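The primary structure of each chain is shown beneath.
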Amino acid sequence: IGAGSLGSYVASELAKNGFKNISIYDGDDLDSENFMRWFYSGILKRGNKASKIGLYLELMHPEMCVATHDEHIDCAKLSEEMISADYIVFTIGSSDTQLRMNRVLREKGCNAKVLFAWLEAGGEYSHVLRVDYNLPGCYECLFTDDAGNMVSNQANVADDAVVELNTIHNGCGATRAAYGTAVLLRTTAVLLDVLKKEENENIEHNYIVNVSPNAVEYDYGSFIKEACGCCGN
């Protein structure tokens, strides 16, 4: 879910690592500002991101079966997809959307394993959150304090000064993060490691992986909030 810069790398690596049946949702078109950090660069410019990735994946391997959806996923479609999915991977930047989808998955009793992957605003740090909705811990825990109040994402480590340092202003009000592909490659590699654990180990805890240029840290429980309004008591 999400076929932007990170999603394009993840989709490609899923295909290369044995996943054969993939559904991709993204309602955005590929524009010139996406080319630099999109896995497939500017080949076949313009058009919907999900459709373009689907085409590339099917060209990559004849056994690929890719269903592309040129739209942003909504609660109803997510409820349908989760019934047959083994994994659901979110690679979108909107925390509001992820919070809303997280609630749907919890309330509908999703049995698929869910991974939330995102980059921080400064383009240096990233995170992968693994959620089994039969266990304590979910995406909303990251936005919940011990009293159950909603707060800013506690997993983020970049302060305002770091974000400002890594932001390019173009003079007309718009900005972009000054990062290349290193953070995308690191995050994709960690996500693949998480999937490998799912396939080969008996995982009994939800956890978050915090990824920096110098370290990959697995947090197996401190992020979980008993007062979470979604998965808590």
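Quick notes on the rules
- Residues numbered from 1 in each chain as written.
- Predicted model: local features only at pLDDT ≥ 70, side-chain atom pairs only at ≥ 80, totals over all residues.
- Heavy atoms only, no water.
- Helix = DSSP H or I, 4+ residues; strand = E, 2+ residues; numbered from the N terminus.
- Contact = heavy atoms within 4.5 Å.
- Areas by Shrake-Rupley, 256 points an atom, 1.4 Å probe, with all protein chains shown as cover.
- Expected span 1.5 Å × (residues − 1).
- Buried < 20%, exposed > 50% of the residue type's maximum accessible area, 1.4 Å probe, protein only.
- Polar contact = N/O pair within 3.5 Å; in protein donor to acceptor, adjacent residues only side chain to side chain.
- pLDDT = per-residue confidence, 0-100.
- Axes fitted to C-alpha atoms, helices over the stretch in contact; angles between N-to-C directions.
- Parallel < 35°, antiparallel > 145°, perpendicular 65-115°, else oblique.
- Left-handed = near helix turned anticlockwise from the far one by under 90°.
- Pairing = 2+ DSSP bridges.
- Nonpolar A, V, L, I, M, F, W, Y, C, P; charged D, E, K, R; others polar.
- Phe/Tyr/Trp six-rings, centres within 6.5 Å; stacked < 30°, edge-to-face > 60°.
- Lys NZ or Arg CZ within 6 Å of the ring centre and 35° of its normal.

Caption draft 1: Structural context of the overall build of the protein chain. Looking only at helices and strands, the protein chain has six helices and nine strands in total. Partitioning the intrachain contacts of the protein chain with sequence separation of at least 6 by distance along the chain shows that 61% fall at a separation of at least 24. Here the protein chain has roughly 11600 Å² of accessible surface; of this, 48% comes from carbon and sulfur atoms.

Caption draft 2: Region of interest: helix 2 (residues 49–60). Its twelve residues give helix 2 an end-to-end C-alpha distance of 17 Å, which sits within 8% of 16 Å, the value for a rise of 1.5 Å per residue. What helix 2 keeps buried is the set Lys-49, Ala-50, Lys-52, Ile-53, Gly-54, Tyr-56 and Leu-57. The inward-facing, buried residues of helix 2 contact helix 1 (5–16), strand 1 (21–25) and strand 2 (65–69). Two or three places before Ala-50, at the start of helix 2, stands the capping residue Asn-48, its side-chain oxygen 2.8 Å from that residue's backbone nitrogen.

Caption draft 3: Quick look at the confidence of the model for the protein chain. Chain-level statistics for the protein chain give a pLDDT mean of 88 and a share of 88% at 70 or above. In the model, residues 171–175 has pLDDT below 50 throughout and makes five contacts with residues more than four positions away in sequence or in other chains.

Caption draft 4: Expanded view of the packing of helix 3 (residues 75–84) against helix 4 (residues 95–107). The geometry of helix 3 relative to helix 4 is characterised by a closest axis approach of 10 Å and an angle of 45 degrees between their N-to-C directions. Here helix 3 lies oblique to helix 4, going by the angle between them. Taken as a pair, helix 3 and helix 4 cross one another with a handedness that is right-handed. Here Cys-75, Leu-78, Ser-79 and Met-82 of helix 3 come into contact with helix 4, specifically with Arg-100, Met-101, Val-104 and Leu-105.

Caption draft 5: Structural context of the pairing of strand 5 (residues 126–131). Within strand 5, six of the six residues are buried, which leaves the element mostly enclosed by the surrounding structure. Side chains Ser-126, Val-128 and Arg-130 project from strand 5 onto one buried face, and the interleaved His-127, Leu-129 and Val-131 project onto a second face that is buried too. Where strand 4 (residues 113–119) lies against strand 5, six bridges are found, and the strand directions are antiparallel. Note that in strand 5 the partner of Val-114 across the bridge is Val-131. Once strand 4 ends, the chain turns through six residues before running back antiparallel as strand 5, passing Gly-123 with a positive phi of about 75 degrees. Strand direction decides the pairing type here: strand 5 and strand 8 (residues 207–211), joined by five bridges, are antiparallel.

Caption draft 6: Molecular detail of the sheet that holds strand 8. The sheet built from five strands is open, its strands ordered 3-4-5-8-9 with mixed pairing. For this open sheet the edge positions go to strand 3 (87–90) and strand 9 (216–219), each flanked by a neighbour on one side alone. With strand direction ignored, the average angle separating the axes of adjacent strands in the sheet is 15 degrees. As judged from the four bridges shared by strand 8 and strand 9, these two strands associate in the antiparallel manner. Bridge assignment links Ile-208 to a residue of strand 9, and that residue is Asp-219.

Caption draft 7: Region of interest: the packing of helix 1 against helix 6 (residues 182–200). Helix 6 packs onto helix 1 with a crossing angle of 45 degrees between their chain directions and a minimal axis gap of 10 Å. In this view, helix 1 runs oblique relative to helix 6, as classed from their interaxial angle. The way helix 1 lies across helix 6 gives a crossing that is right-handed. Across the interface between the two elements, Ser-5, Leu-6, Tyr-9, Val-10, Glu-13 and Leu-14 from helix 1 touch Leu-184, Leu-185, Thr-187, Thr-188, Leu-191, Leu-192 and Leu-195 from helix 6. Tallied by class, residues from the contact of helix 1 with helix 6 come to nine nonpolar, three polar and one charged.

Caption draft 8: Here's a closer look at the packing of aromatic side chains. Taken as a whole and assessed by the stated rule, the structure comprises nine aromatic pairs. Judged by centre distance (5.2 Å) and plane angle (50 degrees), the ring pair of Tyr-139 and Phe-143 falls under tilted. For the residue pair Tyr-139 and Phe-143, the accessibility class agrees, reading buried in each case. Here Tyr-218 and Tyr-220 contribute two aromatic rings whose centre-to-centre distance is 6.0 Å and whose plane-to-plane angle is 20 degrees, an arrangement assigned as stacked. On the accessibility criterion, Tyr-218 (27% relative accessible area) is partly exposed. With a relative accessible area of 44%, Tyr-220 lands in the partly exposed category. A cation over an aromatic ring shows up here: Lys-197 above the ring of Tyr-218, its NZ or CZ 5.2 Å from the ring centre.

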